[in-house]
Amino acid sequence: MLLLVALAVGGLIPIQTAANSRLRASVGNKPVMPALISFSSALFFAVVATTVLRGNPVPQFSADVPWWGWLGGVMGVCFVLGNILLFPRLGALETVVLPILGQVVMGLLVDRFGLLGAPAMPVSWMRVLGAAVVFAGIVVVLRSGRRPVLEGDAEGLELAIFRVLGVLVGVCTAIQTSVNGYMGGIAGSSMHAGEINLAVGAVLLLVAALVTSPRQLARRPEPGPWWMWLGGLVGATFVISGATLAPLLGTATTVIAFNAGTITAGQALEARGAFGARKNPLTATRLAGLVVIFLGVLAVRLL
């Protein structure tokens, strides 16, 4: 049952990306504002949940925080902003699968060299092979045919740049996970680490909004579908679920289940054109690529 919950939580991530991307159109087409709304509402939900489940929402630090301990929020901002930019250019599925490559590669580097407070662990050739399998699966997905080209789609060099950005978004995710893991150990719990992550991100985005265009903060969002407000709730759900499920299922199993749910939901959104995604039916080649990506992630996490 817990594994099914983890799969469902992973499946919420493409919905968060779609919601934030749609919200962007209602707040002047600027990426900072939907990210700020998402982070602020996620922080509110996280504080409420931490108060209910832990009794005290205020972190109690057991050690001094190194400078990189605050990078979780910075990386979270990069993740959300990156997805808002990528979703309308690459579609739901590519926005989902490209970060997985960056996440896998950076995760191996963190393990190998003990970066960001993580214990150094040997990286076997089987895990490296698993990363290569992930890359091969992504290549298959990318070459399996794109949706009809419409205005606003990335092509040529621009397409390559956005795909590289997608991989870098995954690198940010891996850094965020490692930093939050460390902060959870010195701040009281993983839920408190999630609060810190969201608070840092919200402050950074507020500063960015004030610097770039303070009028954004007073602008009333234009009407849109109800689901465009789901980004913050999904973000808080993801943070809280990760903190709750990891001790019960194990970190590796939880991450694998999240990835599997995210990949499945990303393809489902494109296949049905749901939540504003461009419709792109599933093909046998693309399905094979998705299976290869999942097997590669499985090898990296478990071998």
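This one's a predicted model, so the numbers in the text were calculated from it and none came from an experiment.

**Brief notes about the side chain of serine 38**
Then, number 1: Checked against the element boundaries, serine 38 lands in helix α3 (residues 32-54).
Then, number 2: Ignoring anything within four residues of it in the chain, the contact list for serine 38 reads Gln16, Asn20, Gly231 and Gly232.

**Here's the deal with the packing of helix α5 (residues 92-113) against helix α7 (residues 156-187)**
Helices that pack against each other are described as a pair by the angle of their axes relative to one another and the distance between those axes.
Then, number 1: It is at 6 Å that the axes of α5 and α7 come closest, and there the two elements cross at 50 degrees. Classed by the angle they form, the pair α5 and α7 counts as oblique. Crossing of α5 over α7 shows right-handed handedness. Packed against α5, whose contacting residues are Glu94, Leu98, Pro99, Leu101, Gly102, Gln103, Met106, Gly107 and Val110, the element α7 presents Arg163, Gly166, Val167, Val169, Gly170, Val171, Thr173, Ala174, Ile175 and Ser178 at the interface.
Then, number 2: Per-class residue counts for the contact of α5 with α7 are 10 nonpolar, seven polar and two charged.

**Focus: the pattern of salt bridges**
Then, number 1: Inspection of the entire model under this criterion finds three salt bridges.
Then, number 2: Close ionic contact of arginine 127 with aspartate 111 constitutes a salt bridge, the shortest N to O distance being 2.9 Å. Of this pair, arginine 127 sits in helix α6 (residues 125-142) while aspartate 111 sits in helix α5; the two residues are 16 residues apart in sequence, bridging distant segments of the chain.
Then, number 3: Its relative accessible area of 9% is what places arginine 127 among the buried residues.

**Focus on the nonpolar core**
Then, number 1: Ranked by size, the top nonpolar core spans 44 residues in total, and within it Val104, Val134 and Ile293 carry the most contacts.
Then, number 2: Looking at this core, the element that brings in the most residues is α5, giving eight residues.
Then, number 3: By size, the runner-up hydrophobic cluster in this structure holds 15 residues, among which are Leu116, Met183, Ile186 and Ile196.

**Some points on helix α1 (residues 2-10)**
Then, number 1: Regarding α1, the residues found buried are Ala6, Val9 and Gly10. The buried residues of α1 all sit within an arc of 100 degrees when viewed along its axis, so they share a single face.

**Observations concerning the packing of aromatic side chains**
Each aromatic ring pair is specified by the distance between its two centres and by the angle formed by the two planes.
Then, number 1: Inspection of the entire model under this criterion finds four aromatic pairs.
Then, number 2: Relative to tryptophan 70, the ring of phenylalanine 61 has its centre 6.4 Å away and its plane inclined at 65 degrees; by these criteria the two rings are edge-to-face.
Then, number 3: Consider the rings of tryptophan 68 and tyrosine 182, whose centres lie 4.8 Å apart with planes at 55 degrees: the pair is tilted. Highlighted residues: tryptophan 68 in the loop between α3 and α4 (71-90) and tyrosine 182 in helix α7, separated in sequence by 114 residues.
Then, number 4: Here tyrosine 182 falls in the partly exposed class, since its relative accessible area comes to 24%.
Then, number 5: Sitting over the face of the ring of phenylalanine 113, arginine 112 holds its NZ or CZ atom 5.2 Å from the ring centroid.

**Brief notes about α4**
Then, number 1: Its 20 residues place the ends of α4 27 Å apart at the C-alpha level, agreeing with the 28 Å of an ideal helix rising 1.5 Å per residue.
Then, number 2: Backbone geometry just downstream of α4 places glycine 91 in the positive-phi region, at approximately 95 degrees.

**Describing the layout of surface pockets**
Then, number 1: In this model, the second largest pocket occupies a volume close to 290 Å³.
Then, number 2: As for the second largest pocket, its lining consists of 19 residues, of which Ser21, Ile84, Phe87, Pro88 and Arg89 are closest to the centre.
Then, number 3: Elements with a minimum of two residues in the lining of the second largest pocket: α2 (13-26) and α4.
Then, number 4: For the lining of the second largest pocket, the residue count by class is 11 nonpolar, four polar and four charged.

**Describing the environment of phenylalanine 275**
Then, number 1: Mapped onto the elements, phenylalanine 275 comes out in the loop between α10 (251-272) and α11 (284-302).
Then, number 2: Distance in space between the C-alpha atoms of phenylalanine 275 and proline 14 is 9.2 Å, their sequence separation being 261 residues.
Then, number 3: Not counting residues up to four positions away in its chain, the partners in contact with phenylalanine 275 are Ile15, Ala18, Phe87, Trp227 and Leu269.

What counts as what
- Residues numbered from 1 in each chain as written.
- Predicted model: local features only at pLDDT ≥ 70, side-chain atom pairs only at ≥ 80, totals over all residues.
- Heavy atoms only, no water.
- Helix = DSSP H or I, 4+ residues; strand = E, 2+ residues; numbered from the N terminus.
- Contact = heavy atoms within 4.5 Å.
- Axes fitted to C-alpha atoms, helices over the stretch in contact; angles between N-to-C directions.
- Parallel < 35°, antiparallel > 145°, perpendicular 65-115°, else oblique.
- Left-handed = near helix turned anticlockwise from the far one by under 90°.
- Nonpolar A, V, L, I, M, F, W, Y, C, P; charged D, E, K, R; others polar.
- Salt bridge = Lys/Arg side-chain N within 4 Å of Asp/Glu carboxyl O.
- Buried < 20%, exposed > 50% of the residue type's maximum accessible area, 1.4 Å probe, protein only.
- Core = buried A, V, L, I, M, F, W, Y, C linked by side-chain atoms within 4.5 Å.
- Arc of directions from axis to C-beta.
- Phe/Tyr/Trp six-rings, centres within 6.5 Å; stacked < 30°, edge-to-face > 60°.
- Lys NZ or Arg CZ within 6 Å of the ring centre and 35° of its normal.
- Expected span 1.5 Å × (residues − 1).
- 1 Å grid on protein atoms, 1.4 Å probe; cavity = no way out; pocket = protein on both sides within 12 Å on 5 of 7 lines; lining within 4 Å.
- Points joined across faces, edges and corners; volume = space filled by probe spheres on them.

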